[in-house]
Amino acid sequence: MTESGKFTLTRAERAVFGLRALYESRGYERFKVNKFEEYDFYAGCKSFLTSESVLTFTDSTGRLMALKPDVTLSIVKNAGRDGRDVTKVYYNESVYRDYGDGNGFREITQTGLECIGAVDAAAVGEAVSLAGRSLDVIASGRKTLLAVSHMGVVSGILRSAGADPALFGELLGFMEKRNSPEIRRAAAEAGLPGDAVEKLIALSAVYGSPDEVRDELYSICGDDAALDELFGILGSLDPDVKEKIKIDFSVGGDMNYYTGIVFRGYLDGIPKSVLSGGAYDGLLRGMGKKDGGIGFAVSTDLLESYRPKDGGDRETFRLVADR
Amino acid sequence: MKNIVNVALPKGRLGDKVYDLFEKIGYDCPSIKDPGRKLLFENADAGVRYFWVKPSDVPIYVERGVADVGVAGKDILLEFSPDVYELCDLGLGKCRMAVASKRNFRDDTSRPLRVATKFPSIANNYYRSLGRDIDVIKLNGSIEIAPLLGLSDVIVDIVETGKTLLENGLVPYETVTEISARLIANKVSFKFKNEEIKEIAARAAEAVAKKEASE
């Protein structure tokens, strides 16, 4: 509060209000997640967590509890309990993660949405559009960009080449770094045939708008159902969202978790992704559910850490009490 | 308008070689050769701004987006695993990370191997891949002295010619990995300054290929 009755909202607070309004306008309902979950729940889902470390404590009844490292898992657990075909929810929550960078556990504030159940192509397109529009809400005048790829394209190449699934993670890691010499080395050590190796290297170099790279991608992959699906989704987007899209196969994720389109959102001037998400049918299958799911999270605390240089986007509100 | 690309160069011999390469491929900045204490050098016409930093800090500047691109040794990248793109092997500063020990060393597998190194992650990853239990002793310099004084059984360190090792009565007997300088880029800069960074990477790769073909 700067003076009596006058409040200046932080960028993160403004972003949360803006995102809530956006998601509610598209029929998403607020989902409040418990701050704690029983540790057993995460112990059974460790492969789906960004970091395997979970902050635990013993509660007054002797149960081992965890401060939640992830919101999606809790929402997936509850999805469909109300009998609806599709669960469309958004959240604004803190998660607690140790990224192994020497900074220990950190509280990270996320606002995001999940669409779980009978998710059709239209629902996927809507979620990707909302990801693009979320970037507009938080942009504060900065350039925005949504980088997308499809896990099915890469996994299709690896599976048809007979690659050992245990090697998928290593190869994806090198694709995420655009490190073609290491892709070549790891693929050769895994005994992948030469044409599959060249496809992976060519894919990792692709970067551009859908129109710019469409022909290049089909010439690399040939007829490919995952590629068709990716261009189908991108074709359904509104023009103002589509113009933010860059196809980029360095955008990846865990193949056990994400199975379809994956995406990351960026703002010029913030050196890491501010939005991350994708279609996670693999996660749902891993949790014993047959449905589809797509969602994303916006890391609102990055907006405070990396303010625009001019700082000229402050907005002040006066709260008035009606007596 | 063309974007200026911020380039973090590693101070020292490697940095000089890297700048020479950048100069050769069209990103010259004559003021960088002026003696003095200036740390930032810009050539707006060429679209580059250089700054010198400690070699092990290059990936930090790049990962945090202060530098859009930089040049770092593969040893530093393997040790710290920064979240950056690795665009090109520049073929400069070639050496290897090796295990070395006293000439008469024989690994006693009945106990953990004591390994002195400046690169604990690389050493751990290497021995984990072999299934060998080790006790890592992190040192910050003069690694060669550790086996001589009985602090460690072996060292894991960078070997260029092997001369320093020999002078200290040590021999390299296993190569952990080959090392050379890599052009790295911030993942977000790569997207917002895509044309400029791709151009730098393409010209560098072309120069490296030409040099290798002539050798």
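Because the structure is predicted, anything quoted here is derived from the model rather than measured. (Residues numbered from 1 in each chain as written. Chains lettered and ligands numbered in written order. Predicted model: local features only at pLDDT ≥ 70, side-chain atom pairs only at ≥ 80, totals over all residues. Heavy atoms only, no water.)

## Details of the overall build of chain A
Under the convention used in this document: To qualify as a helix, a DSSP run of H or I must reach at least 4 residues; to qualify as a strand, a run of E must reach at least 2; elements of each kind are numbered from the N terminus. Only C-alpha atoms enter the radius of gyration, while the globule expectation follows 2.2 Å times N to the 0.38, with N the number of residues. Burial classes follow relative accessibility: with a 1.4 Å probe on protein chains only, a residue under 20% of its type's maximum area counts as buried, one over 50% as exposed, and anything between as partly exposed. When checking whether two residues touch, look at their non-hydrogen atoms; a contact exists if any pair is within 4.5 Å. Surface accessibility in these figures is a Shrake-Rupley result with a 1.4 Å probe; residues are shielded only by whichever protein chains are displayed. For the purpose of counting charges, residues Lys and Arg are taken to be positive, whereas Asp and Glu are taken to be negative. His and the chain ends are not included. Where a charge lies is defined by one atom per residue type: Lys uses NZ, Arg uses CZ, Asp uses CG and Glu uses CD.
Secondary structure summary: chain A contains 13 helices and 14 strands in total. A compact globule built from 323 residues would reach a C-alpha radius of gyration of about 20 Å, and chain A, at 21 Å, matches this within 12%. In terms of its C-alpha atoms, chain A occupies a principal-axis envelope of roughly 75 × 50 × 45 Å. Residue burial in chain A is summarised as follows: out of 323 residues, 51% are buried. Residue pairs in contact within chain A that sit at least 24 positions apart in sequence constitute 69% of those at least 6 positions apart. A total of about 14,700 Å² of accessible surface is found on chain A, and carbon and sulfur atoms cover 47% of it. Here chain A holds 40 positive side-chain charges and 49 negative ones, and the gap between their average locations is 6 Å.

## A few points about the nonpolar core
The test is simple: Side-chain atoms within 4.5 Å link the members of a nonpolar core, which is a set of buried Ala, Val, Leu, Ile, Met, Phe, Trp, Tyr and Cys residues.
Among the nonpolar cores identified, the biggest contains 136 residues, and Y23, L192, L203 and F263 of chain A together with Y50 and L183 of chain B are the most heavily contacted of them. In terms of residues, this core owes the most to one element, helix α4 (residues 121-138) of chain A, which gives eight residues. Those residues in contact with L203 of chain A, other than ones at most four positions away along the chain, are V153, V154, I157, M175, L217, I220, C221 and F249 of chain A. In this structure, F119, I134, V154 and V176 of chain B belong to the second largest nonpolar core, which totals 15 residues.

## With respect to a nonpolar patch on the surface
Using the following cut-off: In this analysis, a patch consists of residues with relative accessible area above 30% that form no salt bridge, clustered at 9 Å for like charges and at 5 Å for the nonpolar side chains Val, Leu, Ile, Met, Phe, Trp and Tyr. Here, a salt bridge means any side-chain nitrogen of Lys or Arg that lies within 4 Å of a carboxyl oxygen of Asp or Glu.
A cluster of nonpolar side chains, contributed by I60, Y61 and V66 of chain B, occupies part of the molecular surface with about 250 Å² of accessible area. Along the chain, I60 of chain B falls in helix α2 (residues 58-63).

## Describing the pattern of salt bridges
Side chains that differ in sign of charge can pair as their charged atoms come close. For the structure shown, the criterion picks out 31 salt bridges over all chains. Residue D248 of chain A is joined to R178 of chain A by a salt bridge in which the shortest nitrogen-to-oxygen separation is 2.8 Å. With a gap of 70 residues between them, D248 of chain A in strand β10 (residues 245-248) and R178 of chain A in the loop between α6 (168-176) and α7 (180-189) connect regions that are remote in the sequence. With respect to class, D248 of chain A is no different from R178 of chain A; both count as buried. Its salt-bridge partner being E86 of chain B, residue K74 of chain B comes within 3.0 Å of it at the nearest N-O pair. Taken together, the residues K74 of chain B in helix α3 (residues 74-80) and E86 of chain B in strand β5 (residues 85-89) connect sequence positions 12 residues apart. Through salt bridges with shared partners, one network takes in E170, E182, R185 and E189 of chain A together with K74, E86, D89 and R182 of chain B.

## Digging into the confidence of the model for chain B
Residue and element names in this part refer to chain B. Filter applied, for reference: A residue's pLDDT is the confidence the predictor assigns to it, expressed on a 0 to 100 scale.
Chain-level statistics for chain B give a pLDDT mean of 93 and a share of 100% at 70 or above. Confidence scores differ between elements of chain B, with helix α6 (residues 163-167) showing the lowest mean pLDDT of 89 and strand β11 (residues 181-185) the highest of 98. Both scores are given for the predicted complex: the pTM is 0.86, the ipTM 0.82.

## Overview of the pairing of strand β7 (residues 113-117) of chain B
All names here are of chain B. Basically, it comes down to this: Two strands form a pair only when DSSP identifies at least two bridges running between them.
Among the five residues in β7, four count as buried, and that is most of the element. Where β7 meets strand β8 (residues 134-138), five bridges bridge the pair, whose relative direction is parallel. The partner of T117 across the bridge, within β8, is K138. The sheet contact formed by β7 and strand β9 (residues 154-159) spans three bridges and is parallel. If you follow T117 over to β9, its bridge partner there is V156.

## Looking at the interface of chain A and chain B
Applied cut-off: N or O atoms within 3.5 Å of each other form a polar contact, as long as, within protein, one can give a hydrogen and the other can take it, and as long as residues adjacent in sequence are counted only when both atoms are side-chain atoms. Under the scheme applied here, ten amino acids are nonpolar (Ala, Val, Leu, Ile, Met, Phe, Trp, Tyr, Cys and Pro), four are charged (Asp, Glu, Lys and Arg), and all others, including Gly, are polar.
Each partner contributes to the interface: chain A provides 19 residues, whereas chain B provides 18 residues. The tally of links from chain A across to chain B stands at two salt bridges. The tally of links from chain A across to chain B stands at seven residue pairs in polar contact (both at pLDDT 80 or more). Where the side of chain A that touches chain B is concerned, the elements lending two or more residues are β8 (144-150) and β11 (261-267) of chain A. Classifying every residue of the side of chain A that touches chain B gives eight nonpolar, three polar and eight charged.

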